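A look at the structure
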Amino acid sequence: MDLPVNESSSRVAAGGGTGGCSARPGQIGGLTDAIRARIEDHPCYSEDAHHHFARMHVAVAPACNIQCHYCNRKYDCANESRPGVVSEVLTPDQAVCKTLAVATRIPQMSVLGIAGPGDPLANPERTFETFRQLAQKAPDIKLCVSTNGLMLPRHVEDLCRYHIDHVTITINCVDPDVGARIHPWIFWQNRRVRGRRAAAILVEQQQLGLEMLSARGILVKVNSVLIPGVNDAHLPEVSRIVKAKGAFLHNVMPLIARPEHGTFYGVMGQRSPQPAELQAVQDACSGDMNMMRHCRQCRADAVGLLGEDRGAEFTLDRIETMDIDYEAAMVVRREVRAEIAARLAAKRASGPTPAVSPAVSRANPQVVHFHPRATKPAAPAGRPVLMAVAARSGLVAGHFGHAREFLIYEGSAAGCRLIGHRRVEPYCAGAESCGEAESVLARTIELLVDCEVLLCARIGYEPWGQLAAAGIQPNGEHAMQAVEEAVMAVWQQMLAAGKLTVARTGARRA
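Rules and cut-offs
Residues numbered from 1 in each chain as written. Predicted model: local features only at pLDDT ≥ 70, side-chain atom pairs only at ≥ 80, totals over all residues. Heavy atoms only, no water. Pairing = 2+ DSSP bridges. Helix = DSSP H or I, 4+ residues; strand = E, 2+ residues; numbered from the N terminus. Axes fitted to C-alpha atoms, helices over the stretch in contact; angles between N-to-C directions. Contact = heavy atoms within 4.5 Å. Parallel < 35°, antiparallel > 145°, perpendicular 65-115°, else oblique. Left-handed = near helix turned anticlockwise from the far one by under 90°. Core = buried A, V, L, I, M, F, W, Y, C linked by side-chain atoms within 4.5 Å. Buried < 20%, exposed > 50% of the residue type's maximum accessible area, 1.4 Å probe, protein only. Nonpolar A, V, L, I, M, F, W, Y, C, P; charged D, E, K, R; others polar. Patch = residues over 30% accessible without salt bridge, like charges linked within 9 Å, V, L, I, M, F, W, Y side chains within 5 Å. Areas by Shrake-Rupley, 256 points an atom, 1.4 Å probe, with all protein chains shown as cover. Salt bridge = Lys/Arg side-chain N within 4 Å of Asp/Glu carboxyl O. pLDDT = per-residue confidence, 0-100. Expected span 1.5 Å × (residues − 1).

Read from one edge of the open sheet, 5 strands run E20-E19-E16-E21-E22, paired in mixed fashion. Pairing within the sheet leaves two strands with one partner each, and these edge strands are strand E20 (415-423) and strand E22 (473-475). Taking the axes of each pair of neighbouring strands and ignoring which way they run, one obtains an average angle of 25° across the sheet. Here 8 bridges tie strand E19 (residues 405-412) to E20, and the two strands are oriented antiparallel to one another. The residue of E20 that forms the bridge with Ile408 is Gly420.

It is worth spelling out the sheet that holds strand E4 (residues 66-67) at this point. The pairing of strands in a sheet happens through backbone hydrogen bonds and is either parallel or antiparallel. The strand order E4-E8-E9 describes an open sheet built from 3 strands, whose pairing is antiparallel. Strands with a single pairing partner mark the edges of an open sheet, and in this sheet they are E4 and strand E9 (191-194). As paired elements, E4 and strand E8 (residues 185-188) share 2 bridges and run antiparallel to each other. By the bridge assignment, Ile66 is partnered in E8 with Ile186. Across the face of the sheet, helix H6 (residues 195-215) comes into contact with E4, E8 and E9 while running at roughly 105° to E9.

Right, let's get into the packing of helix H12 (residues 438-447) against helix H13 (residues 461-469). Contact geometry of H12 with H13 gives a least axis separation of 11 Å together with a crossing angle of 40°. By the angle class used here, H12 and H13 are oblique. Relative to H13, H12 is oriented so that their crossing is right-handed. Of the residues in H13, those touching H12 at Glu438, Leu441 and Ile445 are Glu462, Pro463, Gln466 and Leu467.

Attention now moves to the nonpolar core. Counting 79 residues, the largest nonpolar core has Leu112, Ile186 and Leu213 as the members making the most contacts within it. Per element, the largest residue contribution to this core is 7 residues, and it comes from H6. Look past the residues within four positions of Leu213 in its chain and what remains in contact with it is Leu152, Val156, Leu159, Val167, Ile169, Ile218 and Val220. In terms of nonpolar packing, the next biggest core, distinct from the first, is built from 21 residues, Ala388, Ile408, Ile445 and Leu448 among them.

Looking now at unusual backbone geometry. The backbone of Asn190 sits at a positive phi, close to 70°, despite the residue not being glycine. Along the chain, Asn190 falls in the loop between E8 and E9.

This brings us to the packing of helix H2 (residues 92-105) against helix H3 (residues 124-137). For the pair H2 and H3, the least separation of the axes is 9 Å and the interaxial angle reads 40°. Crossing angle aside, the handedness with which H2 passes H3 is right-handed. Residues Pro92, Asp93, Ala95, Val96, Thr99 and Leu100 of H2 form the contact with H3, whose own contacting residues are Arg126, Glu129, Thr130, Gln133, Leu134 and Lys137. Here the contact of H2 with H3 is built from residues that sort into 5 nonpolar, 3 polar and 4 charged.

In this section: a nonpolar patch on the surface. A contiguous nonpolar surface patch, about 330 Å² in accessible area, is contributed by Phe264, Val267 and Met268. Tracing the backbone shows Val267 in helix H8 (residues 264-268). A relative accessible area of 57% places Val267 in the exposed class.

Of the residues in the chain, 78% reach a pLDDT of 70 or more, and the chain-wide mean stands at 80. Model confidence for the chain, summarised as mean pLDDT per element, is weakest for strand E1 (residues 27-28) at 35 and strongest for helix H5 (residues 176-179) at 97. Overall, residues 74-80 carries pLDDT values under 50, and its contacts beyond four positions in sequence, including any with other chains, amount to 26 contacts. Per-residue pLDDT stays below 50 along residues 355-376; that stretch engages in 36 contacts with residues further than four places along the chain or on separate chains.

On to helix H14 (residues 483-496). In this model, H14 (14 residues) spans 20 Å end to end at C-alpha, consistent with the 20 Å of a helix rising 1.5 Å per residue. In terms of burial, H14 is largely enclosed, as 12 of its 14 residues are buried. All of the buried residues along H14 are Val483, Glu484, Ala486, Val487, Met488, Ala489, Val490, Trp491, Gln492, Gln493, Met494 and Leu495. At the exit of H14 stands Gly498, carrying a positive phi of roughly 80°.

Below you can see the structure in the form of structure tokens.
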């Protein structure tokens, strides 16, 4: 007999849930001040924090209790960057040693998560032994877990016992008919269950676990994989229901499906969504639900800042040679994190970069100066503009040819907002030789064709010309400037030049 989905509503303790669509006093971007304080140094939960704080995942959970058509776990792979992939599976003791080593060498590391390569709650002994040791040996590190939710209700009390304050649940559907097209089987009560019945059990356990976590004040982020033609039209309903049950953040991620990954979807030719499709679904899901747009779909052994994985520096053989003095490291960590927190607080206090009517320099009409005004000016007319940014640590600091991803921002009269990120292959083959991979450049242009501007610290003559010919204007004038400020400065310059009163022209497909 199929199990029904329980749609009763609960709210996050400590002010996490909201019953209406409008922000209440004390909320910024839909979040209460209490929740913002809990995530301000969590790079996976806070868009501000992800430029400044690092995270790491320890791969102590090899087994999984469900099968997903988009997943193929690999335990000895250093080349693929996607969930479920690791270079080495660790014991709890090894994971703790690695965590202490990373936190000693990367003082801005604030979060330790267990996300696989299987499911942490399908490996409870290994998972909770790791948490037990870290709670004692590294009390300054936030602990979090990412799960498919099948065994979540059974382990909510264990999560509370080890002060796990952040939990991510992957929920791809709330309809078993949709779920049967994504999850062919689950392992439930010592036997394998297939088809719609399996999906119904999974849906019910996920929803029950979400309600239980919310009732205990644990912050819940929901991940959903966008699969075109399968759950794309269904995800707004998922967002509505998980919001009602207490989730405070929804992360809609694009399906990664390539034949070489060996997944069912990859082998069968299921396509991944185009960037515009992903943005459309994210926008449809947002409403009064906070939407995460900076996810990198990290490996299960990722280390460092999002988008700058340093896992190769912390293999077990290298850790064995490191001198780890964690007590001394904690002093440095407190100082570094306090400095970052102060910078973020100052940024938040100053508010977003205003989209005021600019004053144009008489000497150079392309230079725009911002003048504060006592009264709020009328928002200038001008259409939104998408810009690709080669960013590092929140700055326009990347070389175009070395970039492995571009952050996509929208500049508009409303201000600057992050739309997402797009992975690319580096155009430069080495430090001195660029331009040898024309096919790589063509694919990058195709991926960024909806962007009008590309912000970077440096770019060569050849890619500059081809990007400009495709209607993507390179801009290296804002190197080492904060990304949001650079985006808004360029938008204001385009506005002052009269480029934003008409539709975009000159764009072509590569």
